[in-house]
Structures are given as structure tokens and as C-alpha cells.
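Chain and residue survey
Single-letter residue listing:
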Amino acid sequence: MSDQRPRRPWEPPPPRPWGNEGPLQPWDQARAQVEQGFSRFRAGTRGLLLPLFTWPLFFDAIWEIGTGDVRGLVAAALGIGLTVGATATLRRGRKGDTQRAALMVGAASGVVAGLGAALNPLMAVLLGAGGWLGTRLLYDGAVQEVAPPAPPPPPGPLDEHRARLARIAAEPRLAGVSGALAGVLDDLSARPERITEARRFLVVHLDGLDRIRERLQAGAEPPEGLPKLLEDLTSAADEMRDRIRAEETAALDIQVKVLAERLRQEGYA
Amino acid sequence: MDRPASPPPVPSRPLLASLPWPARRAAGIGLLTLTLWLASFLALVAG
């Protein structure tokens, strides 16, 4: 049973029974601090031991460059690259990353043994398997792996318009018209099939208002015609809402007529 | 109420997982020294 497993130094101590917590003794506090420090150290240095095993490859790579041995250089580069990749994978700490890192270290060991050290293929495979097993032994269960974060939801068709409208609404002189446009967006999100026909309207209005907001925030004095223009934009937005509603009403009217006709034809009415 | 005749099977732990963690870590370091380090060293010597 997993409860019987001895507690590892970096794991927090189990909670004491309810009502029996009592104050922590100085010794317990010191021990908890040491354990937390060790846990942080181990998490922070996770995987960094692996590249240290490949230190001869750095000198080997320099030597191979000097002698012009491409095969040896490729082996050294693969050995270093795969090990560094395994370290990065281990440090990412997602589910299955320890297994992936172990496979990479196994591949690095095999390639370096077979290609760089020119051992026979059986020995290369054995050393590769040993590298895999060694990494599993060293890192399995050392930290809790987490599942990769869920991707963010795809943006909705009106999200960009809403973001622009939020910027416009931040300017107090445009509060009235931005309220009217927010009503249009609310209506459209309730009836997504109308978004296509309203897209041009939204782009023109939000573009214009965004530019006006930029100028106003840059310190421009509002011209005389601005209140009239904002009034026109507000009434256009109200008209758009009325039109959407009227189209919905017309669609419902047609549905009612069709259903009534069908009921009549079937003899139910 | 019916009781199951036998408790549900507990998945057996791998042999290596039953080793205490310091032994596993030490074995891991030893094995990596024997494989990854040894292969690198032999590559250096062969080069």
C-alpha cells in the first residue's frame, strides 16, 4: 500500500490527528525548514546531473574538430544534444517526461558507444539500455509530474470586437455610444447567425470610434460636430438592434405560418 | 448486502520500486556512470 511507503525527505510530514496538533517543537521547525530547503534545491537542480556525465564528449568534440573526423563529431554532438534535451524535458516536469528523458539518455548512450567509441552494436545497445534504466532509477518518482496545461479556448467571433469596445468605453465621452454598441454585441451573441451580416457595421463603427478615442486621449479638443456624430452612431446602433429583432420576428412569423399550415394539412387543426 | 468474495486485486509494485529511494538514486548514478560516462570516455579515448 502506498501509505506504508517511507516518507521521502522532501515530502511534507503528514498532518497530525485533528485536535492534537499542538505547537511545533523547535526541532520540528528546524527539520521542516531543512526539508523545504532540500525540496526546493532538488526541484531547482532536477536533471542538471545528466550533462555532467558527458564531460568527456566536450573534449572529444574539440579533438574531432581538430582531426576532422566527422563521424566522431556527429556522435559527440548527438550525445551532448540528446542529454541536454533530456535535461530540459526532465525540468519541464510534465506527465511522461521522465520516460521521454530516459529514452533520450538511452539513445545518447547508444549513439556515443556505437558511433563515437566504435564498440560493437550489441555493446552499444546494452549501454543504451543501461542509460535508460539509470535515468529511470535516478528520476522516477523524484517529483510529481503534472499534466500539460489545457490550451486556452479558441477566441469567439465577437471577442475582438468586445476588446475594442472595452477600450472605447474607457473614454468617458464615448460612454453613451459604447453602451449602444454593447447592446448590439449582446444581441449578436444571442443570435450568432446574424454576425456575418453585422460584421461590416461593427468594423466601420468600432474603427471610427477607436480613432476618435485615440485623438481624445491624446488631448484633442472635441470638435462641434462630435456630439451630433455620436448621436448618429448611437441611433444607428439602436436601428441595427431593431433590425435584428425585426428579422427575428419575421422569421418567427414564417415559422408560425408554416407550422399552422402543416397542422392544417395533417388534419390536426 | 452481498459482499465480494475476495478483495480487489492490488496492482503489484515493480521490484525496483520496492527499493528504498536512496538505493535507487545510488543505483541510477552508478548505472549512468557505467553507461553514459563510460561511453563518452571511450569515445574520447577512441577519438
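Note that this is a predicted model, so its numbers are computed, not measured. (Residues numbered from 1 in each chain as written. Chains lettered and ligands numbered in written order. Predicted model: local features only at pLDDT ≥ 70, side-chain atom pairs only at ≥ 80, totals over all residues. Heavy atoms only, no water.)

Counting secondary structure elements, chain B contains 1 helix and 0 strands. Each of the 47 residues in chain B was classed as buried or not, and the buried ones make up 19%. For chain B, the accessible area works out to roughly 3,400 Å², and carbon and sulfur atoms hold 73% of it. (Helix = DSSP H or I, 4+ residues; strand = E, 2+ residues; numbered from the N terminus. Buried < 20%, exposed > 50% of the residue type's maximum accessible area, 1.4 Å probe, protein only. Areas by Shrake-Rupley, 256 points an atom, 1.4 Å probe, with all protein chains shown as cover.)

The next subject is the UniProt feature "transmembrane region" (unreviewed entry) in chain A. The positions that UniProt labels "transmembrane region" (unreviewed entry) are, in the present scheme, residues 48-66, 72-90 and 102-133 of chain A. Taken end to end, residues 72-90 of chain A is 100% helix and 0% strand, and its two terminal C-alpha atoms sit 27 Å from one another. (UniProt positions renumbered as here; feature names shortened; annotations may be inferred.)

Turning to the interface of chain A and chain B, a few remarks are in order. Counting from both sides, the interface comprises 37 residues of chain A and, opposite them, 23 residues of chain B. Approximately 2,500 Å² of surface area, both sides summed, lies buried where chain A meets chain B, with 75% of it carried by carbon and sulfur atoms. Counting across the chain A and chain B interface gives 0 salt bridges. Counting the contacts that link chain A with chain B gives 3 residue pairs in polar contact (both at pLDDT 80 or more). Among the elements of the structure, α2 (49-52), α3 (55-67), α5 (97-116) and α6 (121-139) of chain A are those that each provide at least two residues to the side of chain A that touches chain B. No other element matches the 9 residues that α6 of chain A contributes to the side of chain A that touches chain B. (Contact = heavy atoms within 4.5 Å. Buried area = accessible area lost by both parts, 1.4 Å probe. Salt bridge = Lys/Arg side-chain N within 4 Å of Asp/Glu carboxyl O. Polar contact = N/O pair within 3.5 Å; in protein donor to acceptor, adjacent residues only side chain to side chain.)

Moving on, we come to helix α7 (residues 159-169) of chain A. Residue pairs three or four apart in sequence face the same way in an α-helix, which turns once every 3.6 residues. Those residues of α7 of chain A that sit buried are His 161, Arg 164, Leu 165 and Ile 168 of chain A. All buried residues of α7 of chain A lie within an arc of 100 degrees about the axis, which places them on one face of the element. (Arc of directions from axis to C-beta.)

Counting across every chain of the model gives 3 aromatic pairs over all chains. Each ring, one from Trp 55 of chain A and one from Phe 59 of chain A, has its centre 6.1 Å from the other, and the planes form 80 degrees; the classification is edge-to-face. Here Trp 55 of chain A pairs with Phe 59 of chain A, and both are found in helix α3, just 4 residues apart, close to one helical turn. Their ring planes at 15 degrees and their centres at 5.0 Å tell us that Trp 37 of chain B and Phe 41 of chain B sit as a pair that is stacked. Separated by 4 residues within a single helix, Trp 37 of chain B and Phe 41 of chain B lie in helix α1 (residues 21-46), roughly one turn from each other. What makes Trp 37 of chain B partly exposed here is its relative accessible area of 24%. Feature note: the residues Trp 55 and Phe 59 of chain A together with Trp 37 and Phe 41 of chain B constitute an aromatic cluster, connected by ring pairs. (Phe/Tyr/Trp six-rings, centres within 6.5 Å; stacked < 30°, edge-to-face > 60°.)

Before going further, it helps to spend a moment on the pattern of salt bridges. All names here are of chain A. All told, the structure shown has 21 salt bridges over all chains when counted by the stated rule. Notably, a salt bridge pairs Asp 140 with Arg 136, separated by 2.9 Å at the nearest N-O pair. Residue Asp 140 is classed as partly exposed on the basis of its relative accessible area, which comes to 24%. Exposure remark for Arg 136: the relative accessible area of 24% places this residue in the partly exposed category. Where Asp 207 meets Arg 164, a salt bridge forms, and the shortest distance between an N and an O atom there is 2.6 Å. One end of the pair, Asp 207, is in helix α9 (residues 195-217); the other, Arg 164, is in helix α7, with 43 residues separating them in the sequence. Here the salt bridges do not stand alone but share partners, grouping Arg 164, Arg 167, Asp 207, Asp 210 and Arg 213 into one network.

The next thing to look at is the nonpolar core. Residues and elements named next belong to chain A. Formed by 24 residues in total, the largest nonpolar core has its most connected members in Leu 174, Leu 188, Leu 202 and Leu 209. Secondary-structure elements contributing two or more residues to this core are α7, α8 (175-190), α9 and α10 (226-266). Looking at which element gives the most residues to this core, the answer is α9, with 8 residues. Those residues within four positions of Leu 202 in sequence are excluded, and the remaining contacts are Leu 158, His 161, Val 184, Leu 185, Leu 188 and Asp 207. (Core = buried A, V, L, I, M, F, W, Y, C linked by side-chain atoms within 4.5 Å.)

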